[in-house]
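Each chain, written out:
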Amino acid sequence: MKKIIITSESGCDLTKEQLNQYGIRIIPFGLNFPDRTVQDGQIPVQEIYEFYKKTKQIPKTNAVGPYQYTEFFENIAKENPDCEIVHVGYSSACSSTFQNACLGVRDCVNAKVHLVDSKNVSGGLGNLVLRAARMVEANPDQTVEELVEKIKNYVTRTKTAFVPDKLDFLSAGGRVSNAAALGASIFRIKPQIDIINGELIAGKKYLGMMKKVAKEFIQDFLGKEEFDKETAFAFYSVGVQMDVLGNMVEALKAYGFKEVIVLELGCVMTTHGGKGAIGVSATRKN
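What comes next concerns the included structure. (Residues numbered from 1 in each chain as written. Predicted model: local features only at pLDDT ≥ 70, side-chain atom pairs only at ≥ 80, totals over all residues. Heavy atoms only, no water.)

1. Details of the pairing of strand β11 (residues 227-236)
To keep it simple, the criterion reads: Relative accessible area decides the class of each residue, using a 1.4 Å probe on protein chains only: under 20% of the type maximum gives buried, over 50% gives exposed, and in between gives partly exposed. Secondary structure elements are taken from DSSP: a helix is a run of H or I of four residues or more, a strand is a run of E of two residues or more, and numbering for both begins at the N terminus. Strand pairing is assigned whenever DSSP detects at least two bridges linking the two strands. Here is how to tell: hold the view so the strands point away, follow the path from the first strand over the helix to the second, and if it runs clockwise the crossover is right-handed.
The element β11 is largely enclosed, with a buried count of seven among its ten residues. The sheet contact formed by β11 and strand β13 (residues 278-284) spans six bridges and is antiparallel. The residue of β13 that forms the bridge with F235 is G279. Crossover handedness for the path β11 to helix α10 (residues 242-255) to strand β12 (residues 259-264): right-handed.

Written out as structure tokens, the structure reads:
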């Protein structure tokens, strides 16, 4: 069988160890500061916080361009002749990135690329990318068409949500009004953001400190739905209290998940979610 290589964007927030273990290839998003442009992962997240503290602004994020995808896929094909690439992409509803990947594939000469819209971001995207890589490892004899259909099935079953600690970054990025951000800060309101059909939709609003909110958030996330208890993902941005994260992991394990994978948000996803955000992703049963 031909070798299958899984690819995605840096917005999946998987660790370097996970990427290396499964041979997953990642193309980075970009961040624009007034005086420079850097790739996701090229600088520590703390620099974003320092930039915001000084300017009350956040860097602008860059979608990957079509020509970058063409070069990315063609280089993989050159290094791995006769391979087939399955690209599990960042949600098309949240960025032009997936559409750019489609355009980039059209200009590929040697690369054989199969595109899957994850309809997810961050830990939800990481959930799907890692699952795809594990399916390749577990069943190397499956066809690429069979693999793609399995991944698409999991896309419909993947549930992801997150809670920002504050709305300051969302306000700086124009995603909420200054008034809403100020009100949320004063009253310690933290909205749950659900990923629904690839879009970020504000849901329940929590009140209080993150330690209390996190417990309620996990309970609401698990709710009355039935989940595949093999693996769950807990993700966070730098600045969250470690006891909050620990309580999340313990709550997921108490529910019965055999494996809880913890992911730290990179620069791009932190720019969207802000300091101290938390999130969860898991897979619904059929």
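So that's the structure; there's more coming.
2. Re a positive patch on the surface
This is how the line gets drawn: Patch rule: a residue counts if its relative accessible area is over 30% and it has no salt bridge; like charges are joined within 9 Å, and nonpolar side chains (Val, Leu, Ile, Met, Phe, Trp, Tyr) within 5 Å. Computed by Shrake-Rupley with a 1.4 Å probe, the accessible areas treat only the displayed protein chains as cover when residues are assessed. The salt bridge criterion pairs a side-chain nitrogen of Lys or Arg with a carboxyl oxygen of Asp or Glu, the two atoms within 4 Å. His is not counted, nor are the chain ends, whereas Lys and Arg count as positive and Asp and Glu as negative. A charged residue contributes its charge at one atom only: NZ of Lys, CZ of Arg, CG of Asp or CD of Glu.
On the surface, a cluster of positive charge is made up of K53, K56, K166 and K275. Along the chain, K166 turns up in the loop between β8 (158-163) and α7 (168-172).

3. Side note on helix α2 (residues 46-55)
Applied cut-off: Of all possible arcs, the one meant is that of the directions from the helix axis to the C-beta atoms.
Taken together, the buried positions of α2 are occupied by I48, Y49, F51 and Y52. Looking down the long axis of α2, one finds its buried residues gathered within 160° of arc, a one-sided arrangement. Along α2, exposed side chains directed more than 90 degrees from the buried face belong to K53 and K54. Remark: K56 follows α2 within two positions and exhibits a positive phi of approximately 60°.

4. Considering the sheet that holds strand β4 (residues 36-39)
Put simply, the rule is: In this analysis, axes come from line fits to C-alpha atoms, helices being fitted only over the stretch in contact, and the angle between any two N-to-C directions falls in the range 0 to 180 degrees.
Sheet architecture is open: three strands sit in the order β4-β3-β5, paired in antiparallel fashion. Edge strands, defined here as strands with exactly one partner in the open sheet, are β4 and β5 (60-62). Within this sheet the neighbouring strands show an average axis-to-axis angle of 30°, counted without direction. Bridge count for strand β3 (residues 30-33) against β5 is three bridges, and the pairing is antiparallel.

5. Concerning unusual backbone geometry
For D82, which is not glycine, the phi torsion reads 70° and is therefore positive. The residue D82 is located in the loop between α3 (66-79) and β6 (84-89) in this model. Residues other than glycine seldom take positive phi values, yet K119 does so here, at roughly 55°. For K119, the position within the fold is in the loop between β7 (113-117) and α5 (122-138). Judged by its relative accessible area of 40%, K119 falls in the partly exposed class.

6. Brief notes about the sheet that holds strand β9 (residues 189-196)
Rule in force here: Contacts were defined at the residue level, with two residues in contact if any of their heavy atoms lie within 4.5 Å.
In space, the six strands of this open sheet follow the order β10-β9-β8-β13-β11-β12, with mixed pairing throughout. Whereas interior strands pair on both sides, the edge strands pair on one side only; in this sheet they are β10 (199-207) and β12. Sheet twist, expressed as the average angle between the axes of neighbouring strands with direction ignored, equals 20°. Inspection of the sheet shows β11 paired to β12 by six bridges, in the parallel sense. Within the sheet, the bridge partner assigned to T231 lies in β12 and is E259. Lying over the sheet, α10 contacts β11, β12 and β13, oriented at roughly 175° with respect to β11.

7. Focus: helix α9 (residues 210-222)
Spelled out, the test is: A helix is expected to reach a length of 1.5 Å times the quantity of its residues less one.
A rise of 1.5 Å per residue sets the reference length of α9, with its 13 residues, at 18 Å; its end C-alpha atoms lie 18 Å apart and thus fit the reference within 8%. Three or more residues of α9 are buried, namely M210, V213, A214, F217, I218, F221 and L222. Mapping the buried residues of α9 onto a view down its axis gives an arc of 155°, with all of them on the same face. Exposed and oriented more than 90 degrees from the buried face of α9 are K215 and Q219. Phi turns positive, to about 40°, at G223, one or two residues after α9.

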